[in-house]
Amino acid sequence: MSQQGYVTAPPYSQSQPRMGGFSAGFGPPNSSLHYGHYGDPNSSHAAAPQPGMSKSTVPLGSSTPLGPLPPGTHQVSQNNFQSAAGQQPHRFPSPLPPNNTGPSCPPGSHQSQPASPNAVSTSCTQLANQLNSMQINSYGPGAIQSSHTSSGHPASFQGPQQLPLTQHQMTLQPGPQIPPPANNFSGLCAQSSLPSMARQDGVPGSGLPNPNLQQLPGQTPGPGYHPQQANYGPQMAGSQLSYPGAFPGGPAQLSGPPQKKLDPDSIPSPIQVIESDKASRGGQMYATNTRGQVPPLVTTDCFIQDQGHASPRYIRCTTYCFPSSSDMAKQARIPLAAVIQPFAIVPQNETPLYVVNHGETGPIRCNRCKAYMCPFMQFIEGGRRYQCGFCNCINEVPPFFFQHLDHIGRRVDHYERPELSLGSYEYVATLDYCRNNKPPNPPAYIFMIDVSYRNINSGLVKLICDELKTLLDKLPREEQEESSAIRVGFVTYNKVLHFFNVKSNLAQPQMMVVSDVGEVFVPLLDGFLVNFQESRSVVNNLLDQIPEMFADTNESETIFAPVIQAGMEALKTLFQPQVNCYESLARDCVANGCCVNLFLFPNQYVDIASLGLVTMYTGGTLYRYNNFQLNSDSPQFLTDLRRDIEKKTGFDAIMRVRTSTGFRATDFFGAIYMNNTTDVEMAAVDCDKAVTVEFKHDDKLNEDSGALIQCAVLYTSVSGQRRLRIHNIGLNCSTQLADVYKTCETDALINFFAKSAFKAILSQPLKVVRDILVSQTAHMLACYRKNCASPSAVSQLILPDAMKVLPVYMNCLLKSTVLTGRPEIPTDERAYHRQLVMSMGVADTQLFFYPQLLPIHNLDLKSDAVPAAVRCSEERLSEGGAFILANGLSMFLWLGVSTPPELIQGLFNVPSFAHISAEATLLPDLANPYSKKIKSIVEHIQNQKPYTMKLMIVKQREQPEMLFRQFLVEDKSIHGGASYVDFLCCVHKEICQLLN
């Protein structure tokens, strides 16, 4: 649905009625499964039957005539590799056992209830609820308005970039064929073997070298990553593939002759794709001066230079060439979406955003669509007018902004103005962009600390207070300012609220108690929110006293909603009674520019689905530390707290996405609230938050002018200045489906699929959501094969080069905690992961769904490079090896029983494997090369992610290994999720049925 309203998350094990209008493709449960990006369910997919329609089964040995082989296409088979122009590839038998369908919806249901005060009191501490910014006025008219009017574009942009189309073709084995079972998306097809794929001198490239990639002076061609080796020590005996090996409900083994084990190296490898991109594009300069070019992968370290289009750090797209018509889009079923991370961190070696200040005149905008001045505007009539690239409207150039044009029609000051030459920049906003036309106040942080018995007794309150005395010196500030303008306030609570006056002229802090939590009010205004530098001594005095003040408390009851109400009230000037409802509370927080960051320390169920609404809809962050232990878990919590306070944030933000004519933004996914269909509201937006935007056609797109997108974020800076952050990107358009497929980005596609599915489970049965993801994958690949690939037997699984690892990532998504319908997974765990993913950017979802597995037993201790990862499978482990696995939330150090003694001694200072303690969560600081190298690798991984990952030591064949194995995502899951091979079989069967 276009407007993301407040909907209390239903229990994930319970089917809910359809929430009408969800346009990302999750239809009503009783309808045929149709991914409704475009058009109605009656539209056809290139003569292929819809998933809900009856299909006849097809022997996989039959052949379907397809289109000609495009340039650059190659085929790969298991033995005797032949090029497309050579002999027919050799084929091997591939029997298909009968289908086995297991349940994909969890049995039973559980109705979640709003957390009661008692539930919260014994299970969580809420700290550092950042109620950011004090904007309470409404926006003036015309601040941000719609952008779609007449058609037409300047024709000065380049056409579609010509990239050679490549594909991967895997051949099934000849011999007796068993017809595939009837279609059922909830159970994977029970194919017993998969076409294997031989290596051909590494991974085929995606095309010609990019002319915009330039070698920087003094740099090596790559960042120092070594190519993946075939083996790391002796291989462990991997479990034999058992079929159907699908979702829950399948038998462990099928009767019949033994099956030939598939070589895992014969199917597309995410690691090979990642390493290939690093080798070809890592360490180089990527210039954004070409419309529609595909950027390096998020896993590739490169230097990005803004030359007219926004950096991929800010915007990544599911495809960089949009189909020219809605009919093409319906046929391909490729989601058209952009993942926008407007405050993404920029490395120090890249130029920060320029700030443009036009004084009282304010930013220059199109009179019709209100798009801001950007490189897509075309100046005409000697520079006196400009034509809007978004709506084609002719606008007068303000006198102060006038400049002459050169011989090619470009302003002579083109490179002197960021808004004319760069893809991203900022404007200083005028009073018209402020609430009630008044300058904003600087933001304020209110720290709210649970001082109930368990938190005092555990030492957590003292830990927090001691840390805050250091952190308050590190509050965010503008680079040119000596100190932060952010004000701070302090509240403690159990079953009542304690407000503190820390005015600078006081000798001691003063406490005032609000016991009527039903009618919350702030007992003081003067002295509650203060400048820390001015009130340092009083604040530090208070932080010393809080643990002692409540040392003898026996109060175990605590409240939650009134705490947030009180913090919000402190940022208002007018009291309004609040309703004790998390949805209403979240809505009011957004309206008053209050962002809530929540730190939970639960040891039992706390109903995160309800509590998390307040953080999610206000743009805040949820942190969770299950069964918190002061000695082992303090480093993780304190690191999260420090980073949360110090990270770059925009406050009281509102975002509008404009597009050129022919398409428009229709759906938004993220930690956001939408009061209408166009304005994305975020009480705060930090460097880690991303909003995923889906687009749809409303007319045909022009290949010459392309598809233009402008994201404008109006926000208040840490210094209290109202600003507009602008990001612009241009995409190509094409009438050829091949152009769309070869510019797809799998990592962005998975980000979109994850968020759209996680949103859909609030309104639809889990089984329906899972079925649609499988159907969507098959439809995209079937369309490619039918319209873009070479003629070949149906027994061959053909994948476009740009999407060859889409199946493994999609299978990881289906096996995620949120989409796995297993009753043993706690409801809080599902709700927590769902909320985190909804606000993630592309890099974070890539690692979250496909963890990084690094071998560390064969390290080059003299090199600074991080070792190349291996595939997430048990077959890559070895008894003599040691591996680090990380997914952005969890980190493991797995040690084989035969790990070299010198490595064990270097890491743990103990003589043997048996002496290693699995209780440790930190590696000791030891002055030896092994210890220094491993700790630097752990630090490198951690520095790139928003959450601190607590390290778990896992010894082979001991109990904690069961938890570790859940992250080996290419293998069959203990919760019933399919292996990568099984899922490929399922997708291949669906493609065969669609092509029939």
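Check the entry above for the structure.
Residues numbered from 1 in each chain as written. Predicted model: local features only at pLDDT ≥ 70, side-chain atom pairs only at ≥ 80, totals over all residues. Heavy atoms only, no water.

Q: Which residues make up the overall build of the chain, and what values go with them?
A: The helix and strand inventory of the chain stands at 21 helices and 32 strands. When each of the 996 residues of the chain is scored for burial, the buried share is 63%. (Helix = DSSP H or I, 4+ residues; strand = E, 2+ residues; numbered from the N terminus. Buried < 20%, exposed > 50% of the residue type's maximum accessible area, 1.4 Å probe, protein only.)

Q: Residue-level account of the side chain of Thr 615, with values.
A: Inspection of the secondary structure assignment puts Thr 615 in helix α10 (residues 608-617). Look at Thr 615 and you get buried, because its relative accessible area is 0%. If we skip the residues at most four places from it in the chain, Thr 615 touches Val 596, Asn 597, Leu 598, Gly 620, Thr 621, Leu 622 and Gln 835. (Contact = heavy atoms within 4.5 Å.)

Q: For a nonpolar patch on the surface, give the residues involved together with the corresponding values.
A: Residues Met 511, Val 513 and Met 549 make up a contiguous nonpolar surface patch of about 240 Å² in total accessible area. Position of Met 511 among the secondary structure elements: in strand β17 (residues 510-514). Under the relative-accessibility criterion, Met 511 is labelled partly exposed at 38%. (Patch = residues over 30% accessible without salt bridge, like charges linked within 9 Å, V, L, I, M, F, W, Y side chains within 5 Å. Areas by Shrake-Rupley, 256 points an atom, 1.4 Å probe, with all protein chains shown as cover. Salt bridge = Lys/Arg side-chain N within 4 Å of Asp/Glu carboxyl O.)

Q: Tell me what's going on with the pattern of salt bridges, and back it up with residues and numbers.
A: Under the counting rule described, the total for this entry stands at 40 salt bridges. A salt bridge links Asp 466 to Lys 469; its shortest N-O distance comes to 3.9 Å. Of this pair, Asp 466 and Lys 469 both sit in helix α6 (residues 460-471), three residues apart, which is roughly one turn of the helix. The partner of Lys 989 in a salt bridge is Glu 990, with the nearest N and O atoms 3.7 Å apart.

Q: Residues and numbers for the sheet that holds strand β29 (residues 852-855), please.
A: Sheet architecture is open: four strands sit in the order β29-β30-β31-β32, paired in mixed fashion. With partners counted over all chains shown, the strands left at the sheet margins are β29 and β32 (950-955), one partner each. Each neighbouring strand pair of the sheet contributes to a mean axis angle of 20°, computed without reference to strand direction. Both strand β30 (residues 882-886) and strand β31 (residues 890-895) contribute to a ladder of five bridges, which runs antiparallel. (Pairing = 2+ DSSP bridges. Axes fitted to C-alpha atoms, helices over the stretch in contact; angles between N-to-C directions.)

Q: Hey, could you go over the sheet that holds strand β11 (residues 385-387) for me, with residue numbers and the actual values?
A: Sheet architecture is open: three strands sit in the order β10-β11-β12, paired in antiparallel fashion. Strands with a single pairing partner mark the edges of an open sheet, and in this sheet they are β10 (378-380) and β12 (394-396). In this sheet, neighbouring strand axes are inclined to one another by 35° on average, regardless of whether the strands run parallel or antiparallel. Pairing analysis gives three bridges linking β11 to β12, with the strands arranged antiparallel. Within β12, the residue paired with Tyr 386 across the bridge is Asn 395.

Q: Describe the packing of aromatic side chains, and please don't skip the residues or the numbers.
A: As enumerated under the stated definition, the model contains 31 aromatic pairs in all. Ring centres of Tyr 372 and Tyr 427 lie 6.2 Å apart, and the angle between their planes is 35°; on these two criteria the pair is classed as tilted. With a gap of 55 residues between them, Tyr 372 in the loop between β9 (355-356) and β10 and Tyr 427 in strand β13 (residues 424-428) connect regions that are remote in the sequence. On the numbers, 5.7 Å between centres and 75° between planes, the contact of Phe 892 with Phe 964 is edge-to-face. With Phe 892 in strand β31 and Phe 964 in helix α20 (residues 961-965), this residue pair connects regions lying 72 residues apart in the sequence. In this structure Phe 964 comes out as buried when scored by relative accessible area, which is 0%. By way of ring pairs, the aromatic residues Phe 599, Phe 601, Tyr 623, Tyr 625, Phe 628, Phe 637 and Tyr 947 are connected into one cluster. Against the face of Phe 401 rests Arg 411, its NZ or CZ located 4.3 Å from the ring centre. The ring centre of Phe 343 lies 4.3 Å from the NZ or CZ of Arg 725, which sits over that ring. (Phe/Tyr/Trp six-rings, centres within 6.5 Å; stacked < 30°, edge-to-face > 60°. Lys NZ or Arg CZ within 6 Å of the ring centre and 35° of its normal.)

Q: Outline unusual backbone geometry, listing residues and values.
A: A positive phi is found at Arg 333, a non-glycine position, where the angle reads about 60°. In this fold, Arg 333 is placed in the loop between α3 (326-332) and β8 (337-340).

Q: I'd like a rundown of the packing of helix α13 (residues 746-760) against helix α14 (residues 766-788), residues and numbers included.
A: Remark: α13 packs on α14, axes separated minimally by 10 Å, with the N-to-C direction vectors making an angle of 150°. Considering the angle they form, α13 stands roughly antiparallel to α14. In the packing of α13 onto α14, the handedness of the crossing is right-handed. In contact with Phe 753, Ala 757 and Ala 760 of α13, α14 contributes Val 769, Leu 773, Gln 776 and Met 780. (Parallel < 35°, antiparallel > 145°, perpendicular 65-115°, else oblique. Left-handed = near helix turned anticlockwise from the far one by under 90°.)

Q: If you had to explain the state of the cysteines to someone new, which residues and values would you point to?
A: Across all of its chains, the model carries zero disulfides by this definition. Cysteine Cys 872 shares no disulfide, and the gap to the nearest cysteine sulfur, in Cys 812, comes to 7.6 Å. (Disulfide = S-S within 2.5 Å.)

Q: Describe in detail the environment of Gln 341, supporting the description with residues and values.
A: Along the chain, the position of Gln 341 falls in the loop between β8 and β9. Assessed through its relative accessible area of 16%, Gln 341 is described here as buried. Sequence separation between Gln 341 and Val 691 is 350 residues; the distance between their C-alpha atoms is 6.5 Å.

Q: Quick one: what's the story with the nonpolar core, residue by residue and with numbers?
A: In this structure, Phe 490, Phe 637, Leu 819, Leu 893 and Phe 908 are the most contacted members of the largest nonpolar core, which totals 172 residues. The element best represented in this core is α14, accounting for 11 residues. In this structure, Leu 893 is in contact with Ile 856, Phe 883, Ile 884, Leu 907, Phe 908, Leu 923, Leu 951, Met 952, Ile 953 and Val 954, ignoring residues within four places of it in sequence. Counting 35 residues, the second largest nonpolar core, distinct from the first, contains Tyr 320, Leu 336, Ala 653 and Phe 663. (Core = buried A, V, L, I, M, F, W, Y, C linked by side-chain atoms within 4.5 Å.)

Q: Residue-level account of helix α21 (residues 980-995), with values.
A: With 16 residues, α21 should reach 22 Å at 1.5 Å per residue; the first-to-last C-alpha distance of 22 Å fits that figure. By the criterion of burial, α21 is predominantly enclosed, with 16 of the 16 residues buried. (Expected span 1.5 Å × (residues − 1).)

Q: Got a sec to walk through the packing of α10 against helix α16 (residues 827-838)? Specific residues and values, please.
A: Look at α10 against α16: their axes get within 9 Å of each other, and the N-to-C directions meet at 20°. When the axis of α10 is compared with that of α16, the two are roughly parallel. Judged by the twist between their axes, the crossing of α10 over α16 is right-handed. Taken together, the residues of α16 that come into contact with α10 (itself represented by Ile 608, Ala 609, Gly 612, Leu 613, Thr 615 and Met 616) are Asp 828, Ala 831, Tyr 832, Arg 834, Gln 835 and Met 838. Its residues placed into classes, the contact of α10 with α16 shows seven nonpolar, three polar and two charged. (Nonpolar A, V, L, I, M, F, W, Y, C, P; charged D, E, K, R; others polar.)

Q: Tell me about the pairing of strand β15 (residues 487-493), residues and numbers included.
A: Of all seven residues in β15, six are buried, a share of seventy percent or more. Where strand β14 (residues 444-450) and β15 come together, seven bridges link them in parallel fashion. Residue pairing in the sheet places Ile 449 in a bridge with Thr 492 of β15. Across two bridges, β15 lies against strand β18 (residues 530-531) in antiparallel orientation. Its bridge partner being in β18, Arg 487 is matched across the sheet by Asn 531. As defined by bridge partners, β15 adjoins strand β16 (residues 497-501) across three bridges and the pair is classed as antiparallel. When the sheet's bridge partners are listed, Val 491 is paired in β16 with Phe 499.

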